[in-house]
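Now for the letters of each chain:
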Amino acid sequence: MRPFSIAIHGGAGILTRGMMNSQQEAAYLSGINEALDAGYALLEKGANASEAIVAAVTRLEDCPLFNAGKGSVFTAEGTHEMDASIMEGATRRAGAVAMVTGIKNPILLARDVMEHSAHVLLAGQGAMAFAAQRNYQILPPSYFYDQFRYDQWQELKGSDKTQLDHVASDRKFGTVGAVACDIRGNIAAATSTGGMTNKKFGRIGDSPIIGSGTYANNQTCAISCTGSGEFFIRGAAAYDVSCLIEHCQLDLQTACDEVIKKRLLALGGDGGLIAVNAKAEVCFSFNTEGMYRGYRCSDGASYAAIYVD
Ligand code: ASP
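Because the structure is predicted, anything quoted here is derived from the model rather than measured. (Residues numbered from 1 in each chain as written. Predicted model: local features only at pLDDT ≥ 70, side-chain atom pairs only at ≥ 80, totals over all residues. Heavy atoms only, no water.)

It is not clear to me how the packing of helix 2 (residues 49-62) against helix 3 (residues 106-116) should be interpreted in this structure. Could you clarify?
To characterise two packed helices, one gives the angle between the axes of the helices and the distance between these axes. Axis separation between helix 2 and helix 3 bottoms out at 8 Å; the angle between their running directions is 145 degrees. Packed against helix 2, whose contacting residues are Val54, Val57, Thr58 and Glu61, the element helix 3 presents Pro106, Ile107, Leu108 and Arg111 at the interface. Grouping the amino acids of the contact of helix 2 with helix 3 by side-chain chemistry returns five nonpolar, one polar and two charged. (Axes fitted to C-alpha atoms, helices over the stretch in contact; angles between N-to-C directions. Helix = DSSP H or I, 4+ residues; strand = E, 2+ residues; numbered from the N terminus. Contact = heavy atoms within 4.5 Å. Nonpolar A, V, L, I, M, F, W, Y, C, P; charged D, E, K, R; others polar.)

Honestly, the pattern of salt bridges in this entry has me stumped. Any pointers?
Opposite charge on two side chains permits pairing when their charged atoms draw close. Taken as a whole and assessed by the stated rule, the structure comprises eleven salt bridges. The partner of Arg93 in a salt bridge is Glu115, with the nearest N and O atoms 3.9 Å apart. Placement of the pair is Arg93 in the loop between strand 2 (82-88) and strand 3 (94-100) and Glu115 in helix 3, with a sequence separation of 22 residues. With a closest N to O distance of 3.6 Å, Lys262 and Glu258 form a salt bridge. Placement of the pair is Lys262 and Glu258 together in helix 9 (residues 252-267), with a separation of four residues, close to one helical turn. Judged by its relative accessible area of 54%, Lys262 is exposed. Three or more residues joined by partner-sharing salt bridges are found here, namely Asp240, Glu258, Lys262 and Arg263. (Salt bridge = Lys/Arg side-chain N within 4 Å of Asp/Glu carboxyl O. Buried < 20%, exposed > 50% of the residue type's maximum accessible area, 1.4 Å probe, protein only.)

Can you walk me through the environment of Glu88 in this structure?
Structurally, Glu88 is set in strand 2. On the accessibility criterion, Glu88 (13% relative accessible area) is buried. Sequence separation between Glu88 and Leu36 is 52 residues; the distance between their C-alpha atoms is 19 Å. Apart from residues no more than four positions distant in its own chain, Glu88 is found in contact with Ser50, Arg93, Met114, Ile187, Ala188 and Ala216.

Sorry, what's going on with the sheet that holds strand 3 here?
Remark on secondary structure: sheet strands pair via backbone hydrogen bonds, oriented parallel or antiparallel. One open sheet accounts for eight strands, arranged 4-3-2-6-5-1-11-12; its pairing is mixed. Edge positions in the sheet fall to strand 4 (121-123) and strand 12 (302-307), since each of these pairs with one other strand and no more. Averaged over all adjacent pairs, the angle separating strand axes in this sheet is 5 degrees, with direction ignored. Alignment of strand 11 (residues 290-297) against strand 12, held across five bridges, turns out to be antiparallel. Across the sheet, the residue bridging to Gly290 is Tyr307, located in strand 12. The strands touched by helix 1 (residues 22-44) are strand 1 (5-13), strand 5 (176-181), strand 11 and strand 12; relative to strand 11, the strand with the most contacts, the crossing angle is about 35 degrees. (Pairing = 2+ DSSP bridges.)

Explain helix 1 here, please?
In an α-helix, one full turn covers 3.6 residues, which means residues spaced three or four apart are oriented alike. In this model helix 1 runs 31 Å from its N-terminal to its C-terminal C-alpha over 23 residues, within 8% of the 33 Å that 1.5 Å per residue would give. Buried residues of helix 1: Tyr28, Gly31, Ile32, Ala35, Leu36, Ala38, Gly39, Tyr40 and Leu43, and no others. Against strand 1, helix 2, strand 5, strand 11 and strand 12 lie the buried residues of helix 1. One side-chain oxygen of the residue at the start of helix 1 lies 3.0 Å from the amide nitrogen of Gln23, identifying that residue as Asn21. One or two residues past the end of helix 1 sits Gly46, with phi positive at roughly 95 degrees. (Expected span 1.5 Å × (residues − 1). Polar contact = N/O pair within 3.5 Å; in protein donor to acceptor, adjacent residues only side chain to side chain.)

What am I meant to see in helix 2 here?
In this model helix 2 runs 20 Å from its N-terminal to its C-terminal C-alpha over 14 residues, within 8% of the 20 Å that 1.5 Å per residue would give. For helix 2, the buried fraction is high: eleven of the 14 residues fall into the buried class. Looking at helix 2, one finds that the buried residues are Ala49, Ser50, Ala52, Ile53, Val54, Ala55, Ala56, Val57, Thr58, Leu60 and Glu61. Buried-residue contacts for helix 2 involve strand 1, helix 1, strand 2, helix 3, strand 5 and strand 6 (187-193).

Could you clarify how one ought to interpret the sheet that holds strand 7 (residues 214-217) in this entry?
Strands sit in the order 7-8-9-10 across an open sheet of four strands; the sheet is antiparallel. Unpaired on one side and paired on the other, strand 7 and strand 10 (282-286) mark the two borders of the sheet. Averaged over all pairs of adjacent strands, the angle between strand axes in this sheet comes to 10 degrees, irrespective of strand direction. Pairing of strand 8 (residues 221-227) with strand 9 (residues 271-276) involves six bridges; the strand directions are antiparallel. Its bridge partner being in strand 9, Cys225 is matched across the sheet by Leu273. Contacting strand 7, strand 8 and strand 9, helix 8 (residues 237-248) runs over the sheet at an angle of about 145 degrees to strand 8. Packing against the sheet, helix 9 makes contact with strand 8, strand 9 and strand 10, and its axis sits at approximately 10 degrees to strand 10.

No statement about biological role is implied by the geometric values presented.
Here it is in structure tokens:
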């Protein structure tokens, strides 16, 4: 049987040992492991990489610890505007949504854009009209409410400042993402986020931008990013990793480190990514103090971590 694997992230940022007590650490690690279990169980049964990553990301969206789905950050207007995307490496089909509200699992809507529309990215009212056509239930703001996120917003409300989870003084970071390689050697990537606290003017980050926050090509890699989205967009970060593999023959880890630890840093951006290739090799790269992350491989390797090793 061909090897298969899945890797996930729950955001990168200022995550240093001693910031959290052991109960908080255990809660994050259990959130990571539950998402990995959900995706891995499907891969074991022969499911496609895209099914596995959607299963993992929906779990992370449902977990209020992470900034995606339930637990998304507040916009300047006190709402939750979520972005998500998915891409398949075999076909390079992709789907994404931006600025959606009231959708429990934006990653499912992104997948529907890929599978049931002629488009790649739908935003705002249009994305909501598409959701209505697909019979999505619209949940009340109370479903997405999280006291910590609300307090985070109160600190910035009325100002022109926005804030990434990643630089917040507390620990609840967390755009989420997953990448997987299935038993047929097909790879896929998905990312989902609430974006930045106090964002306005229809700000959209890198997460729903194919080539920036998410990318997949069976010939190179599948990537999901997290961090200061504007820099990932300017660097076309996810596609840049793919290009370094395709055109410069870099190996997966070297290509990821080149983009995250050199090119993104040179622009002034912070964050990280997860990656997988069609040989089921997985890797992480981040230029922050930590990143919620984990993987599971068919050779038995299993890993979940928060801080720099
Ligand atoms: N990259 C996301 C954005 O800029 C935020 C994050 O990764 O937490 O919207």
